[in-house]
Amino acid sequence: MTELVEDDLVARLRDDVKRAATVDMWLPRGSLRNLPALLPELTAVRNGDSGAESVTVWVEPDPDGHLPVEALQARWEGVNIRACLPVLESCAVLGDVVWSSSEPLLGTEPGVVLRTEYRAFADAARRAQRRRPGAGVPGSGQLGEDCGHCRRMLVRYEQDRRGRTDLRHECASCGA
Ligand SMILES: [Zn+2]
């Protein structure tokens, strides 16, 4: 059920997004070179009746809060991009398919890429990785907000400087 994907990575991802009712991605800091190629499929995923966003793409910004230009472009086109620090694993749950990679999945060198198509596993992975809202911080399936001062995306911080759990929704630049 798990396969090592060595060829046609972008085409395979596009096919899986096309078939998916929900898309959750976690992209650590690094290149997002292949994100634009997925935009037609990502923007075509319809939201369900629950009011939640069907797509959540978590992107790790650099320490001053800047997101890669590909992420900003995707957000501009209506993809629910969310800034999160840290993003520890590179993975995606596209409908019934779980993807993981040793390096950033949408970058130039994704490393070892594994794809598993199995509904129960995908459901479990989605639940395990799902970010719950709390302390005024939106979670998976919710839109982010912009800083009222500098218009940068607020970052969902999940750890303090010592690595302890600490949930905040702040501007990396203004600290507001
Ligand atoms: Zn700001």
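Coordinates for the structure precede this section.
In this report, the structure presented in the accompanying data block is examined. (Residues numbered from 1 in each chain as written. Predicted model: local features only at pLDDT ≥ 70, side-chain atom pairs only at ≥ 80, totals over all residues.)

### Remarks on unusual backbone geometry
- Going from Leu85 to Pro86, the amide bond is cis rather than trans, its omega being -5°.
- Tracing the backbone through its elements, the reader meets Pro86 in the loop between strand E4 (81–85) and strand E5 (90–94).
- A positive phi angle is found at Asp8, which is not glycine, with a value near 55°.
- Locating Asp8 in the fold gives a position in the loop between strand E1 (2–4) and helix H1 (9–19).
- On the basis of neighbour count, Asp8 is assigned to the exposed category, with 10 C-beta atoms found within 10 Å.
- With a phi close to 55°, Ala135 is a non-glycine residue in the positive phi region. (Helix = DSSP H or I, 4+ residues; strand = E, 2+ residues; numbered from the N terminus. Buried ≥ 20, exposed ≤ 12 C-beta atoms within 10 Å, placed from the backbone.)

### Brief notes about the pairing of strand E3 (residues 55–59)
- Of all five residues that make up E3, five are buried, and the element is covered over most of its length.
- A two-sided burial pattern is seen for E3, the buried positions comprising Val55, Val57 and Val59 on one face and Thr56 and Trp58 on the other.
- For the crossover that starts at strand E2 (residues 23–27), traverses helix H2 (residues 39–44) and ends in the parallel E3, the hand is right-handed.
- Bridge count for E3 against E4 is three bridges, and the pairing is parallel. Bridge pairing in E4 places Val59 opposite Ala83. (Right-handed = clockwise from strand over helix to strand, strands pointing away. Pairing = 2+ DSSP bridges.)

Read these as spatial facts, not as claims about activity.
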